[in-house]
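# A closer look at the structure
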Amino acid sequence: MADFEVDAMAGFVLTRASTGLADTTIRGEISNVQQVRDWFGRPLWEMEPTDADTYFGRVLRQAAAGTRHARAAALTTYFEYLHVRHAVELHAMTGRVVACPVDEMNRPKGRKDARLRIPPPAEEIERFFSGWAAELAACRKFAPTARNYAAARLMAEIGLRAGEVRQLDLADVRWELGRFGKIHVRYGKGARGSGPRERMVPLINDAGRTLKWYIEDIWGLFDDDHERPGAPLFPSERRTEGSSSRRLGPDTLRCAVAAATRAHLPGWEGRLTPHVLRHFCASQLYLNGMDLAAIQETLGHSWIATTMRYVHVHREHVEQAWVTGQQRAAQRVEGLV
């Protein structure tokens with residue numbers, strides 16, 4: 001039975017890979033299923049709705065909404081796999097009928113993305129980057145600090161995600177395309193775990209100037225071969241066995257933004273993150289007159305409703321509707337008088 005459980009999990013991984021899901025999505029699903037299995041202590045097909053009640057009602061009672069949703073979704077998907085692929089075998093071996101313990105009664109409710117991210121005002125972001133730039137003159141490690149500064153500016157200027165920035169190659173910068181040049185984002189976030197979505201992002205909003213300064217003055221300090229295929233745009237200080245630079249780690253930019261916030265914008269400590277810089281970019285583009293469809297394309301959103309949540313602070317349709325209503329009311333009163 002233990003061997004069958006291992007084989008079933010391996011088959012589940014292969015099945016999810018065959019759908020074209022990104023490796024990170026599959027790893028997340030497996031991690032969530034495994035954590036439920038570790039808590040349960042027995043094969044998951046023995047899990048009953050009452051067990052799920054206990055798990056979500058007590059063990060995950062205080063967990064973040066996103067964690068609860070992800071855990072329930074992964075468990076539901078795994079049981080669908082067991083039902084489609086192994087229901088007959090499991091019934092023959094155990095006499096059990098495969099049924100998902102997560103049902104309409106205990107499924108976690110609410111939206112996992114309900115939290116609003118309100119970015120700092122433009123003058124505070126300017127003070128943040130000005131302080132970070134001044135730090136370059138006296139910092140202990142100039143090249144890594146300048147690299148992190150340039151990457152953060154790209155996130156604030158053209159709305160790149162931290163994960164997208166670290167996956168960029170030097171060859172992804174295409175100066176010859178468009179009026180300002182473009183950057184080829186090859187590992188954009190996929191919708192519903194569908195895998196990387198590519199897009200071309202124009203180097204607007206001074207992003208071209210930031211990138212030109214970084215490539216001409218900073219990139220060479222990492223002593224990498226600019227002609228090597230796959231040379232990272234933002235390399236790590238660490239090197240591979242072949243003496244070529246590695247790619248940035250997944251948490252490097254988040255830690256750098258956190259440290260810079262603590263030093264230069266302490267009022268936002270713990271709140272200013274790479275994703276908040278992305279929200280700041282969307283809001284500034286909207287304030288500068290760019291329409292929502294263009295912002296959606298720049299940020300790589302599948303749905304314009306997602307883009308609308310990024311610029312919610314500056315959209316004034318509610319205020320404008322109220323002013324218009326007040327004007328109509330005033331006109332009716334004048335007519336009566």
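Look a little higher up for the structure.
Anyway, here's the lowdown on the structure attached to this text. What you see is a predicted model, and the numbers here were worked out from it, not measured in a lab.

The rules we used
Every chain is numbered independently, its residues counted from 1 as its sequence is written. Restriction of local features to residues with pLDDT of at least 70 applies here, the model being predicted, together with a cutoff of 80 or more for giving and counting side-chain atom pairs; totals for whole chains, interfaces and linings are based on all residues. Hydrogens and waters are ignored; side-chain quantities use all the structure's heavy atoms. Helix and strand labels come from DSSP, where a helix needs a run of H or I of at least four residues and a strand needs a run of E of at least two; each type is numbered from the N terminus. The salt bridge criterion pairs a side-chain nitrogen of Lys or Arg with a carboxyl oxygen of Asp or Glu, the two atoms within 4 Å. Buried, partly exposed and exposed residues are distinguished by accessible area as a fraction of the type maximum, computed with a 1.4 Å probe on protein chains only: under 20%, between the cut-offs, and over 50%, respectively. Each axis is a line fitted through C-alpha atoms, and for a helix only the stretch in contact is used; angles between axes span 0 to 180 degrees, taken between their N-to-C directions. Here is the rule for angles: anything less than 35 degrees is roughly parallel, anything more than 145 is roughly antiparallel, 65 through 115 is roughly perpendicular, and the remaining ranges are oblique. Note on definitions: a residue-residue contact is assigned when non-hydrogen atoms from the two residues lie within 4.5 Å. Helix span, as expected, comes to 1.5 Å for every residue beyond the first. Each direction from the helix axis to a C-beta atom contributes to the arc, which is the arc of those directions. What is meant by a nonpolar core is a set of buried Ala, Val, Leu, Ile, Met, Phe, Trp, Tyr and Cys residues, joined one to another through side-chain atoms within 4.5 Å. We call two strands paired when DSSP finds no fewer than two bridges between them. Patch construction takes residues with relative accessible area above 30% that form no salt bridge. Like charges are linked within 9 Å, and nonpolar side chains (Val, Leu, Ile, Met, Phe, Trp, Tyr) are linked within 5 Å. In these tables, accessible area is a Shrake-Rupley quantity obtained with a 1.4 Å probe, and a residue counts as shielded only by the protein chains included in the view. By convention, a stacked pair of Phe, Tyr or Trp rings (six-membered ring in the case of Trp) has centres within 6.5 Å and planes under 30 degrees apart, an edge-to-face pair has planes over 60 apart, and any other such pair is tilted. Our definition puts a charge over a ring when NZ of Lys or CZ of Arg is within 6 Å of the ring centre and also within 35 degrees of the ring normal. Here Asp and Glu are counted as negative and Lys and Arg as positive; His is not counted, and neither are the chain ends. Where a charge lies is defined by one atom per residue type, namely NZ (Lys), CZ (Arg), CG (Asp) and CD (Glu). Amino acids are sorted into nonpolar (Ala, Val, Leu, Ile, Met, Phe, Trp, Tyr, Cys and Pro), charged (Asp, Glu, Lys and Arg) and polar (every other residue, Gly among them).

## Brief notes about the environment of Arg42
Tracing the backbone through its elements, the reader meets Arg42 in the loop between helix 2 (23–40) and helix 3 (49–59). When the C-alpha atoms of Arg42 and Ala152 are compared, they prove to be 46 Å apart, with 110 residues separating the residues in sequence.

## What to know about the pattern of salt bridges
Under the definition given, this model contains 15 salt bridges. A salt bridge links Arg16 to Glu29, with the shortest nitrogen-to-oxygen separation between them at 2.9 Å. Of the two residues, Arg16 is situated in helix 1 (residues 2–18) and Glu29 in helix 2; the sequence distance between them amounts to 13 residues. Per residue, the accessibility class of Arg16 equals that of Glu29, and both read buried. A network of salt bridges, in which partner residues are shared, links Asp169, Asp172, Arg186 and Arg247.

## Some words on the packing of helix 6 (residues 142–158) against helix 10 (residues 274–287)
Between helix 6 and helix 10, whose axes approach to 6 Å, the crossing angle comes to 40°. Judged on the interaxial angle alone, helix 10 and helix 6 are oblique. Residues Ala152, Met155, Ala156, Glu157 and Ile158 of helix 6 pack against Pro274, Leu277, Arg278, Phe280 and Cys281 of helix 10.

## Section: helix 9 (residues 252–264)
Spanning 13 residues, helix 9 covers 18 Å between terminal C-alpha atoms, matching the ideal 18 Å at 1.5 Å per step. Within helix 9, the full set of buried residues consists of Leu253, Ala256, Val257, Ala260, Thr261 and His264. Seen along its axis, helix 9 keeps its buried residues to an arc of 135°; they face one direction. Exposed and oriented more than 90 degrees from the buried face of helix 9 are Cys255 and Ala263.

## What to know about the nonpolar core
Membership of the largest hydrophobic core comes to 54 residues, with the highest contact counts inside it found for Trp132, Ile158, Ile183, Leu233 and Phe234. Where this core is concerned, the elements lending two or more residues are helix 5 (122–135), helix 6, helix 7 (162–166), strand 2 (182–188), helix 8 (207–218), helix 9, helix 10 and helix 11 (292–299). Sort the elements by how many residues they give to this core and helix 6 lands first, with 10 residues. Core analysis: the second largest hydrophobic core is formed by 27 residues, Phe12, Ile26, Leu44 and Leu90 among them.

## Topic: the sheet that holds strand 3 (residues 197–202)
The antiparallel open sheet is built from 3 strands, whose spatial order is 1-2-3. The sheet is open, and its two edges are formed by strand 1 (173–174) and strand 3, each paired on a single side. Two elements, strand 1 and strand 2, share 2 bridges in a ladder whose sense is antiparallel. Within strand 2, the residue paired with Arg174 across the bridge is Lys182.

## Some remarks on the environment of Leu272
Tracing the backbone through its elements, the reader meets Leu272 in the loop between helix 9 and helix 10. Looking at Leu272, the relative accessible area reads 4%, which means it is buried. Along the primary structure Leu272 and Leu44 are separated by 228 residues, whereas in three dimensions their C-alpha atoms are 40 Å apart. Setting aside anything within four residues of it in sequence, one finds Leu272 in contact with Pro120, Ile125, Phe128, Val257, Thr261, Leu265 and Leu277.

## With respect to a nonpolar patch on the surface
A surface patch of nonpolar side chains, about 260 Å² in accessible area, is lined by Leu116, Ile118 and Val313. Within the fold, Ile118 resides in the loop between helix 4 (65–94) and helix 5.

## Considering the packing of aromatic side chains
Here the structure, examined in full by the defined rule, presents 15 aromatic pairs. For the pair Tyr149 and Trp213, a centre-to-centre distance of 6.0 Å together with 85° between the ring planes defines the contact as edge-to-face. With Tyr149 in helix 6 and Trp213 in helix 8, the pair connects residues that are 64 residues apart, well separated along the chain. Through pairs of rings, three or more aromatic residues link up here, namely Phe128, Phe129, Trp132, Tyr149 and Trp213. For the cation-ring pair, Arg153 lies above Phe129, with the distance from its terminal atom to the ring centre recorded as 4.6 Å.

## Comments concerning a positive patch on the surface
A cluster of basic side chains, namely Arg140, Lys141, Arg238 and Arg246, defines a positive patch on the protein surface. Mapped onto the elements, Lys141 comes out in the loop between helix 5 and helix 6. On the accessibility criterion, Lys141 (44% relative accessible area) is partly exposed.

## Description of the side chain of His184
As for its position among the elements, His184 is in strand 2. Residue contacts for His184: discarding those within four places in its chain leaves Leu168, Asp172, Glu198, Arg199 and Met200.

## Regarding unusual backbone geometry
Note: most residues except glycine have negative phi, and most peptide bonds are trans. In this structure, Asn205 takes a positive phi of about 60° despite not being glycine. Relative accessible area serves as the criterion here: at 35%, Asn205 is assigned to the partly exposed category. Here Asp206, not a glycine, exhibits a phi torsion of approximately 70°, which is positive. On the secondary structure map, Asp206 appears in the loop between strand 3 and helix 8.

## Overview of the packing of helix 2 against helix 3
At their nearest, the axes of helix 2 and helix 3 sit 12 Å apart, and the two run at 105° to each other. Between helix 2 and helix 3, the interaxial angle falls into the category roughly perpendicular. When helix 2 is examined against helix 3, the residues Gln35, Val36, Trp39 and Phe40 are found in contact with a partner set consisting of Asp51, Thr54, Tyr55 and Val59. Split by residue class, the contact of helix 2 with helix 3 holds 5 nonpolar, 2 polar and 1 charged.

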